[in-house]
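A structural walkthrough
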Amino acid sequence: MGGRDDWPESTTLLAVELENVAALQSRPAEDWHTVRDRARRVCREVWTSFGADQAPDSDGSFAVFRSPGVAVQAAIEALRRLSSEVHSSGHGGVAPRVGLHCCAPRRHEAGYARLDKHTVAQVASAAHGGQVLASEIAARVLESGGSPVELRDLGLHQLPDLPDRVRLFQVLTPGLADVHGPPRTQGGAGRLPTMLTPTVGRDGELEELAAALSEEGVRLVTLTGPGGSGKTRLATALAAKVAPAFPDGVHFVPLAAVTGAYAMWATMAQVLDVPPDGHIPPGFFDYVGERQALVILDNVEQIPDADVVVRTLLASAPHLSLLLTSRRPLHVTGEHEHKVPPLLLPTGSSFEAVAASGAVRMLVDSAQRVRKDFGLTPDNASDVAALVVALDGLPLAIELVAARLKVFSPKAILGRIDSALDLRSADRSVPERQQTIRDTIAWSCALLTTAEQTVLDHLGVFDGGADLPAVEAVVPRDELGGADVVDLVLSLVDASLVVVSESWDGEPRFTLLETIRRFALDRLEARGELASAAQAHAQHYFEVVHSLNKAIGAGERASVRRRFTLDVDNLTATVARGAAGIKDLGFEGTEGMPAVRVIDRFLRLAVECRRFQLGLEWAERASRDASWATDPLGAAACLQVLAEIKERLGEVDAAIEHARTSVALLRDSAGPEEDWPRATPGRLSPPDLLVIDLFLITSGEIERRDLDGAQQAAQECLEVSTRLLAAGKISGGMHSDALRQLAFVALEREDFETAERYLTEVGALLREAGNDFWLTMWAYEFAQLEAFRGDTAAAHARLRDITEPILAYDEPETTVLIAELLADVVGRSYPLLAARAFGASSMVRFVEGMPAMASEARYNARAIERARELVPDEWDAAFTQGRTEDLGGLMREMAALPVVEPS
């Protein structure tokens, strides 16, 4: 803005206002009058001291100066003295603000020209407390007169009742605060709703949305998300950020109380200052049709014809841009939907990871407004993290809970988290629909059809989400009025009440935020349908477990483990509820299977998926069930799985004791062997239970180096399995387990000839059974025999052949076992490669929670010692390097080496 010397001689009009005057007027009358009289007295004194030409009708809030520079000095002094007076009177929320405007000296009998006086008053009203704003003409006069003040261009703004937009400037000079919000002008960002709490953790979203609104052709952006996710807060922050790009301003239209199109038009008209004759189309567009503005339509989901209104706005006001907040998109052509996610939850358990979470930052910021000494510390970080996770990172829920931190610690609130749905906001300005989290969710549910509500409520029984077959199994079709479950679920996704994601197999998975899930469970219980829904849930996941156990037997281990990980929370919920009343076609009885037998199926799957600690928790639940005492076969089965878990965790004595107790229960309660039913894959039967028990006793004795005890148990296992195989009670694959144990005992005794004989028999049985996975594992065991007796070339060749098949199975435990055997074999010629492989396998064991069993640890220790002796100074560095490498890649590298000759 260059200086000009052709401006006419002018006067400078100055207006002063008290910000937040409504707060004064709500005080007792004597307070209000006292502050008002003090302000008038101060203003008169300041204007007089600076030589103002004061208007005769002035009450002190208006003054006229011939010099704009003197007007600025008077404004600064008035702000200083008024601030002191207001604060000393105990009205700290009230602050003075000043406007400046220049005009030709046009006086009339009532004072200065009404339009000029109105203009300067509106400039003052646009300012914030402690701020001086100047109109464009005042700014130019100040600059041309050589005033030392700095001027900041704030852009064009529409002031109320003025025909044209006015460019405003902020006066910057020592003694005035520099940082203020946008001017409080009509359609300006300063007229947006005031958020009492800052927008935390949304910087990336704001940048993304601002860029979207600036793209050519993008005129409609809809922010969708569940109630309390911060849509309005984000929309307001976004509008303030992009306001300079809209010459006719930004306008916030609250629509939560609106239920029809007519009221929607009328509400917009009021916000946009449209006269009564333009409250509905086509008259509406006589006033709005050419505006270049951003209109925020807040809460449109409950307005049936909102899509029609929005289409009309886009078609008839070509320069208008719309920013909507809604639980669901409008599906209008050109709509750009942005799902507003909850705030970022902690991505780790370290203090740094917790502190970096947007949800945690908001909780801490909100808590500090009610308790200044509250902060995130290493002592409370885990509780704070758990708290924001339980609240789903929803801003509304976080604000409500943070207010309670004035009295309670995060740990204490965690103990009361079930009542968090009903925590009431202390801020009475919050809309009734958001007074509690329950109110917010109920507002969304009230907009649903009866069938949609039924589906939502039944989704509450799922922990961690569900796939479509699970939803269809639990939702009662007779309550849907013929509607399709899929269509209803997708409608709930549209309404931002259900989150949809894609699972590892490409299938959709549907999840409720935890706050919504608790609400749904409460509604389900109130309807008297919680028990039946939980029963349907348990039945479905029992059938899932049964199918996964069969898939394990078919060698589909990788896919089973991925599925187990997806549904582990649902499986745990089934066990926790008691697993009672589940029907199984293979079980005789009308009351359902005993819970202990159901949990046994779950336990077996947990072991196959290497979730040993979880298996211990489930076994503990089974032991407390009444069916433990009344169903010996089920108890024996659970004890057997418990024995395997204990053995894997290194508690060998306990493992052997559990297996022996299982054997005793079987022999005491299952009747004569000749009456036992044939073993069926995936189902309990005494024949396979007994063989596996004896197998576990043998391996336990090997682990604790009691080879005589191991030989005796293995021999008994072989005798029993031979008898049961001849009677048609077990499969050849089960019989091969007994032979394998005798081979393992022989290996431990270094009786390689006997070990080879037994392993050869095992191979024949497995080839007959046609199980590729177990044939691959048999090849590994034979390679182990060859390595033990020093035939490294043969061991390497056999391992090379099975490396790709074992990697294709994607089964961590078997991958590690074969990798470690490969490392031993090649380590005699390539010790540094072996060191890297052992390092990588140790990391996989750590990540997967697979500690080496005692026999594996002894074997690996010997292999490492042998290879380390070849490169003692370089071993540790190579081992450390391997912990950062891909184990599969190292296995391929070892397998591709030249055949290792016997040493």
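In what follows, the accompanying structure is described. No experiment lies behind these values; they were computed from the predicted model shown. (Residues numbered from 1 in each chain as written. Predicted model: local features only at pLDDT ≥ 70, side-chain atom pairs only at ≥ 80, totals over all residues. Heavy atoms only, no water.)

Turning to unusual backbone geometry, a few remarks are in order. Cis geometry marks the peptide bond from P281 to P282; its omega dihedral reads 5°. With respect to the helices and strands, P282 occurs in the loop between α8 (261-271) and α9 (284-288). Positive phi, normally seen in glycine, also occurs at R705, with a value near 65°. Relative to the helices and strands, R705 is located in the loop between α28 (686-703) and α29 (707-726). (Helix = DSSP H or I, 4+ residues; strand = E, 2+ residues; numbered from the N terminus.)

Quick look at the environment of R184 now. Note on placement: R184 falls in the loop between β8 (166-172) and α6 (203-214). Overall, the relative accessible area of 24% leaves R184 in the partly exposed class. Each C-alpha atom, one on R184 and one on Q158, is 9.8 Å from the other, the two residues being 26 residues apart in sequence. (Buried < 20%, exposed > 50% of the residue type's maximum accessible area, 1.4 Å probe, protein only.)

Moving on, we get to the packing of helix α35 (residues 831-848) against helix α36 (residues 854-868). Running from N to C, α35 and α36 cross one another at 150°; their axes reach a closest spacing of 10 Å. Between α35 and α36, the crossing angle belongs to the class labelled roughly antiparallel. At the point where α35 passes α36, the crossing takes the left-handed sense. Of α36, the residues touching α35 (which contributes P831, F838 and R845) are E856, N860, A863, I864 and A867. Class assignment for the residues of the contact of α35 with α36 results in five nonpolar, one polar and two charged. (Axes fitted to C-alpha atoms, helices over the stretch in contact; angles between N-to-C directions. Parallel < 35°, antiparallel > 145°, perpendicular 65-115°, else oblique. Left-handed = near helix turned anticlockwise from the far one by under 90°. Contact = heavy atoms within 4.5 Å. Nonpolar A, V, L, I, M, F, W, Y, C, P; charged D, E, K, R; others polar.)

A few words on the side chain of N549. Residue position: N549 is located in helix α21 (residues 530-553). A residue is classified by how much of its surface remains accessible, and N549, at 14% relative accessible area, is buried. Setting aside residues up to four positions removed in sequence, N549 forms contacts with R601, R604 and L605.

Pairs of aromatic rings are described using the distance from one ring centre to the other and the angle between the two planes. Scanning all chains against the criterion turns up eleven aromatic pairs. When the ring of F284 is compared with that of F285, the centres are 5.2 Å apart and the planes differ by 80°; the resulting orientation is edge-to-face. Through successive ring pairs, a cluster of aromatic residues spans W265, F284 and F285. Positioned above the aromatic ring of F62 is the side chain of K117, whose terminal nitrogen or guanidinium carbon lies 4.9 Å from the ring centre. Note that R757 overlies the ring of Y758, its terminal NZ or CZ placed 4.7 Å from the centroid. (Phe/Tyr/Trp six-rings, centres within 6.5 Å; stacked < 30°, edge-to-face > 60°. Lys NZ or Arg CZ within 6 Å of the ring centre and 35° of its normal.)

Time to look at the nonpolar core. Among the nonpolar cores identified, the biggest contains 89 residues, and L456, F462, V471, F564 and W618 are the most heavily contacted of them. For this core, the leading source of residues is α21, giving nine residues. Other than its neighbours up to four places away in sequence, F564 contacts L571, L605, A606, C609, R611, L614 and W618. Of all hydrophobic cores here, the second largest spans 82 residues; its members include A835, A867, W875 and A878. (Core = buried A, V, L, I, M, F, W, Y, C linked by side-chain atoms within 4.5 Å.)

Bringing the sheet that holds strand β13 (residues 335-339) into the picture now. If you walk across this open sheet you meet the five strands as β10-β11-β12-β9-β13, and the pairing is parallel. The sheet is open, and its two borders are formed by β10 (250-254) and β13, each paired with just one other strand. Strand-to-strand, the axes of this sheet are offset by a mean angle of 20°, without reference to chain direction. As defined by bridge partners, strand β11 (residues 294-298) adjoins strand β12 (residues 321-326) across five bridges and the pair is classed as parallel. Note that in β12 the partner of L297 across the bridge is L324. The strands touched by α8 are β10 and β11; relative to β10, the strand with the most contacts, the crossing angle is about 140°. Relative to the sheet, helix α10 (residues 306-316) contacts β9 (220-224), β11 and β12, its axis offset from that of β12 by approximately 165°. (Pairing = 2+ DSSP bridges.)

This part covers the sheet that holds strand β16 (residues 508-511). Sheet strands pair by backbone hydrogen bonding; their relative direction is either parallel or antiparallel. Here three strands make up an open sheet; going across it, the order is β14-β16-β15 and the pairing antiparallel. The open sheet has two edge strands, β14 (466-467) and β15 (499-502), and neither has a second partner. Of the pairings in the sheet, the one linking β14 to β16 comprises two bridges and is antiparallel in character. Across the sheet, residue D467 finds its bridge partner in β16, namely R509.

Using the criterion set out here, one finds 50 salt bridges in the structure. The partner of R167 in a salt bridge is D153, with the nearest N and O atoms 3.1 Å apart. Here D153 lies in strand β7 (residues 150-157) and R167 lies in strand β8, a separation of 14 residues in the sequence. Residue class for R167 comes out partly exposed when judged on its relative accessible area of 25%. Linking R311 and D307 is a salt bridge whose minimum nitrogen-to-oxygen distance equals 3.3 Å. Of this pair, R311 and D307 both sit in helix α10, separated by four residues, roughly a single helical turn. Exposure remark for R311: the relative accessible area of 39% places this residue in the partly exposed category. Here the residues in one salt-bridge network are R561, R610, E644, R648, E811 and E813, joined through shared partners. (Salt bridge = Lys/Arg side-chain N within 4 Å of Asp/Glu carboxyl O.)

Attention now moves to the packing of helix α30 (residues 732-748) against helix α31 (residues 752-769). Closest axis-to-axis distance for the α30/α31 pair is 8 Å, and the angle between their directions is 165°. Taken as axis vectors, α30 and α31 run roughly antiparallel relative to one another. Here α30 and α31 pass one another in a crossing that is left-handed. Note on element contacts: α31 touches α30 through F752, T754, A755, Y758, L759, E761, V762, L765 and L766, opposite G732, H735, S736, L739, R740, L742, A743, A746 and L747. Residue classes in the contact of α30 with α31 are distributed as twelve nonpolar, four polar and two charged.

Quick look at α10 now. One turn of the α-helix equals 3.6 residues, which is why residues spaced by three or four share an orientation. For α10, the full list of buried residues reads A306, V309, V310, L313 and L314. The arc that holds the buried residues of α10, viewed along the axis, is 130°, so those residues lie on one side. Along its buried surface, α10 packs onto β9, α8, α9, β11 and β12. (Arc of directions from axis to C-beta.)

In a regular helix each residue adds 1.5 Å, so twelve residues correspond to 16 Å; α6 covers 17 Å between its end C-alpha atoms and thus fits that length. Looking at α6, one finds that the buried residues are E205, L206, L209, A210, A212 and L213. Projected onto a plane normal to the axis of α6, the buried residues spread over an arc of 160° and lie on a single side. Along α6, exposed side chains directed more than 90 degrees from the buried face belong to D203, G204 and S214. Residues of α6 that are buried in the fold lie against β9, α7 (231-242) and β13. (Expected span 1.5 Å × (residues − 1).)

Its place among the elements puts A306 in helix α10. Note: C-alpha distance between A306 and W265 (41 residues apart in sequence) is 9.9 Å. Apart from the residues lying within four places of it in its own chain, the contact partners of A306 are M264, V300 and L330.

Along the chain, S321 turns up in strand β12. Assessed through its relative accessible area of 8%, S321 is described here as buried. The residues contacting S321, other than those within four sequence positions of it, are V218, R219, F246, A293, L294 and V295.

Below, the discussion takes up empty space enclosed by the protein. With the rule as written, the count across this model stands at five cavities of 30 Å³ or more. The computed volume of the largest cavity comes to approximately 60 Å³. Lining of the largest cavity is provided by R610, F612, R648, E813, R845, M850, P851, M853 and E856. Looking at the lining of the largest cavity, its residues break down into four nonpolar, no polar and five charged. (1 Å grid on protein atoms, 1.4 Å probe; cavity = no way out; pocket = protein on both sides within 12 Å on 5 of 7 lines; lining within 4 Å. Points joined across faces, edges and corners; volume = space filled by probe spheres on them.)

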